[in-house]
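Residue strings, one per chain:
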Amino acid sequence: MISRKILRGLRVASLRPSLNNLASRVNSDLGSTLASGGHKNGTLSEGRRGVHGQATEYLPNNYPDFTESQSMVRGAIADVCSGFDDGYWSQIESEHRFPSEFYNAVAKDGWLGICLPEKYGGSDLGVSEAAVMTQTISESGGGMAGASSVHINIFGLEPVRKFGTEEQKQRMLVPLINGKERACFGVTEPNTGLDTLKLQSRAVKDGDHFVLSGSKIWISTAQVAEKILILVRTTPLEEVSKPSQGLSLFYTDLDRSQVDITEIPKMGRAAIDSNQLFFDGWRVPKEDLIGEVDNGFKMIMHGMNAERILIGAEALGLGYAALRKASIYAQERSVFGRPIGQNQAIQHPLAESWMQLEAARLMIYQAAKLYDAGHATGEYANAAKYLAAEAAFHACERAIMVHGGMGYAKEYHVERYLREVFIPRIAPVSREMIFNYIGERVLGLPKSK
Ligand SMILES: Cc1cc2nc3c(=O)[nH]c(=O)nc-3n(C[C@H](O)[C@H](O)[C@H](O)COP(=O)(O)OP(=O)(O)OC[C@H]3O[C@@H](n4cnc5c(N)ncnc54)[C@H](O)[C@@H]3O)c2cc1C
């Protein structure tokens, strides 16, 4: 477990390998930077300072704006990821199976509860560090599959942390953090989509239980999860004064004898299943209700800005991974007697992608910093997710074009990246809804139709 205390130095010895790696990487970059008169490959003019690693480097850890704890997380997660290369992610994609080996490695090193309290086995770090974790997993080649395998651990049980009883926290958080239980997140419904407040699944109190009926769609990891955090309506829409009222949140067993789970065949991220759920008369113990009845929407909103920041970081990682592949290929592939990267038509779009990714990175870590400082970060979290997803999409698309025909071959992995990068453009909130949010909340314009 890596916690705030450890980062303050109490168990620094256990991090020594990561620190040493970090220090040697920084030193060797610095050495070659000085030797080249400004940049490690001498590509910048004499006397200028290069603060950023090369885009061809695997998981560079010399971001000048990272805090010590962010650099530490970057180094430690990079160590875990180095055991799982593109070949691994490609294989589990073709075998269509959950990346258990990766998940267990992350759990073993205590990272599954990065944002959850130390008392329950977590690390009690902020979204600023968690974003580094998700970016790094994705950037390693794990992409959205790697990040999604641990995603719910990071933000998902925020409502339990915040509103659960002590008994619930012990019962729910501990097995999630130590990797013994996996969870999924059930909000989206087939008939109502992004109009979450109109969701139709119902829960009716019956003695010591609530009885749930309805359906959910796109629920990630429901094939392998033992638990679900689910939002349902407990008071009909017609009987509440505001649509955000009357919804309740449960964290409960995903009981396959009571819930029908059907996988949705889809475009990418095959290793992480997506599902439709049907339930009619599903009995859920009242002890699994989180917080007050009818107050679930407020509770679920709690983790949403963090989730947007983390998904933005996942997109960002994928964008850097694509740019890395494209930059390497553009140096190595020669046609017409010169490396293809010498052609401006190849070089300039990649340079533009780097700038777009860096701009999104600054926005993501700014949003995370504001979130950790306790600010309401709706506009920053939404904008960061949008910018990162778009920048990553362009990087992935360009990576395919740089590879020419080989971009279409599985061997070079960039086609997998492109299929996965659509996810952060669509979920958990679409681009259009982000524009609506900024239009209404920041620009003060009328509610968009
Ligand atoms: C791979 C994947 C994994 C997912 N995992 C989960 C999960 O684990 N749990 C979960 O609960 N959900 C999950 N989702 C669902 C995801 O959050 C939704 O797909 C997303 O929120 C979009 O909702 P929708 O698909 O119903 O789109 P719809 O609501 O049907 O919208 C369709 C299109 O219309 C646009 N649109 C709708 N209303 C407006 C408007 N007012 N103004 C402008 N444009 C509008 C949207 O932007 C979108 O482009 C996942 C989705 C995917 C693809």
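Going by the structure above, here's the rest.
Bear in mind the structure is a predicted one, so any value in this text is a computation, not a measurement.

1. Notes on the overall build of the protein chain
When you go through the protein chain residue by residue, the secondary structure sums to 13 helices and 10 strands. Counting every position in the protein chain, which comprises 449 residues, the buried fraction comes to 45%. Excluding contacts between residues fewer than 6 apart, the proportion of contacts in the protein chain whose partners are at least 24 apart in sequence is 72%.

2. Observations concerning the site of the ligand
Close to the ligand lie 22 residues; Gly193, Leu194, Trp218, Ser430 and Glu432 are nearest. Elements with a minimum of two residues in the shell around the ligand: strand S1 (183-186), strand S3 (209-220), helix H12 (414-426) and helix H13 (431-442). Within the shell around the ligand, the residues separate by chemical class into 12 nonpolar, eight polar and two charged. No fewer than three residues from each of domain 2 (183-297) and domain 3 (301-442) sit in the shell around the ligand.

3. Some points on helix H3 (residues 68-81)
Over its 14 residues, H3 extends 20 Å from the first C-alpha to the last, a length consistent with the 20 Å expected when each residue adds 1.5 Å. Residues Gln70, Met72, Val73, Arg74, Gly75, Ala76, Ile77, Ala78 and Cys81 constitute the buried set of H3.

4. Quick notes on the environment of Arg269
Among the structural elements, Arg269 can be located in the loop between strand S6 (259-263) and strand S7 (274-285). The spacing of Arg269 and Ser94 is 175 residues in sequence and 10.0 Å in space, taken between C-alpha atoms. Among all residues touching Arg269, those that are not within four sequence positions of it are Met144, Ala145, Ser148, Glu420 and Ile423.

5. Considering the nonpolar core
Formed by 121 residues in total, the largest nonpolar core has its most connected members in Ile309, Ile364, Ala384, Ala392 and Cys396. Ranked by residues supplied to this core, first place goes to helix H9 (residues 296-332) with 18 residues. In this structure, Cys396 is in contact with Leu318, Gly319, Ala322, Val414, Tyr417, Leu418 and Val421, ignoring residues within four places of it in sequence.

Thresholds, definitions, all that
Residues numbered from 1 in each chain as written. Predicted model: local features only at pLDDT ≥ 70, side-chain atom pairs only at ≥ 80, totals over all residues. Helix = DSSP H or I, 4+ residues; strand = E, 2+ residues; numbered from the N terminus. Buried ≥ 20, exposed ≤ 12 C-beta atoms within 10 Å, placed from the backbone. Contact = placed C-beta atoms within 7 Å. Near = placed C-beta within 6 Å. Nonpolar A, V, L, I, M, F, W, Y, C, P; charged D, E, K, R; others polar. Domains from an automatic or database assignment. Expected span 1.5 Å × (residues − 1). Core = buried A, V, L, I, M, F, W, Y, C linked by C-beta atoms within 7 Å.

Honestly, that's just the spatial picture; any functional story needs more than this.
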